[in-house]
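Observations on the three-dimensional arrangement
The residues making up each chain are set out below.
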Amino acid sequence: MHPQAYPKDNEGKSLIAKPKKRFRVSTTDSKGNKHIFPNLLKGRVAQRPGEIISSDIAYISTTEDWLYLSIIMDLYTREMIGYAVQS
């Protein structure tokens, strides 16, 4: 947008909107002396279906509230074994 196209205030200065910062959910407290568990799968590759199963959660913002999505996945086939959504 050309600078002259911006709306002006009473003093003739250009008005430019500042974008609102996105809300971020923080689930990890890296400050503190909590026990950190080792990565037991580091360097391992699944050799057959069902050998290594992983899960994760996601927070989904909706216009009404937050939804929580939990996914369980087989790391060999990369298929979703199951999922659950809760409010």
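So, a few notes on the structure that sits alongside this text. (Residues numbered from 1 in each chain as written. Predicted model: local features only at pLDDT ≥ 70, side-chain atom pairs only at ≥ 80, totals over all residues. Heavy atoms only, no water.)

Here we look at the overall build of the protein
Rules: Only DSSP runs of H or I with at least four residues qualify as helices, and only runs of E with at least two residues qualify as strands; both kinds are numbered from the N terminus onward. For every residue, the accessible area (1.4 Å probe, protein chains only) is compared with the maximum for its type, and the residue is labelled buried under 20%, exposed over 50%, or partly exposed between those bounds.
When its secondary structure is counted, the protein shows 0 helices and 3 strands. Put simply, the protein has 87 residues, and 6% of those count as buried.

Section: the pairing of strand β2 (residues 66–74)
Heads up, the condition is: Here a strand pair is declared whenever DSSP counts at least two bridges between the two strands.
Inspection of the sheet shows strand β1 (residues 53–61) paired to β2 by 9 bridges, in the antiparallel sense. Directly across from tyrosine 59, in β2, lies its bridge partner tyrosine 68. Between the antiparallel neighbours β1 and β2 lie 4 residues. Here 7 bridges tie β2 to strand β3 (residues 79–86), and the two strands are oriented antiparallel to one another. Paired with isoleucine 71 across the two strands is tyrosine 83, which belongs to β3. Hairpin geometry of β2 and β3 is characterised by an intervening segment of 4 residues between the two adjacent antiparallel strands and by a positive phi of about 60 degrees at arginine 78.

Describing the environment of isoleucine 81
Quick note on the threshold: Residue contacts are counted whenever heavy atoms from the two residues lie within 4.5 Å of one another.
Assignment of secondary structure puts isoleucine 81 in strand β3. When the C-alpha positions of isoleucine 81 and serine 55 are compared, they lie 9.7 Å apart, and in sequence the two are 26 residues distant. If we ignore the near neighbours within four places in the chain, the residues touching isoleucine 81 are Ile53, Ile72, Met73 and Asp74.

Some remarks on unusual backbone geometry
Of note in the backbone geometry, arginine 78 takes a positive phi value of approximately 60 degrees without being a glycine. For arginine 78, the position within the fold is in the loop between β2 and β3. Given the relative accessible area of 57%, arginine 78 is considered exposed.

Concerning the packing of aromatic side chains
Spelled out, the test is: A pair of Phe, Tyr and Trp rings is counted when the ring centres sit within 6.5 Å of each other, with Trp represented by its six-membered ring. The angle between the planes then sorts it: under 30 degrees is stacked, over 60 is edge-to-face, the rest tilted.
The full count for this structure, using the stated rule, is 1 aromatic pair. With 5.4 Å between their ring centres and 85 degrees between their planes, tyrosine 59 and tyrosine 68 make a pair best called edge-to-face. Accessibility expressed as a relative area gives 38% for tyrosine 68, which makes it partly exposed.

Comments concerning the environment of tyrosine 76
By the secondary structure assignment, tyrosine 76 is in the loop between β2 and β3. Once you skip the residues sitting within four places of it in the chain, tyrosine 76 turns out to touch Ala46, Gln47, Arg48 and Pro49.

Quick look at the sheet that holds β3
Each strand in a sheet pairs with another by means of backbone hydrogen bonds, the pair being arranged parallel or else antiparallel. Convention followed: Axes here refer to lines fitted to C-alpha atoms; in helices the fit is confined to the stretch in contact. Angles between the N-to-C directions go from 0 to 180 degrees.
In spatial order, the strands read β1-β2-β3; together these 3 strands make up an open sheet with antiparallel pairing. This sheet does not close on itself; its edge strands, each paired only once, are β1 and β3. Direction aside, neighbouring strands of the sheet carry axes that sit 20 degrees apart on average.

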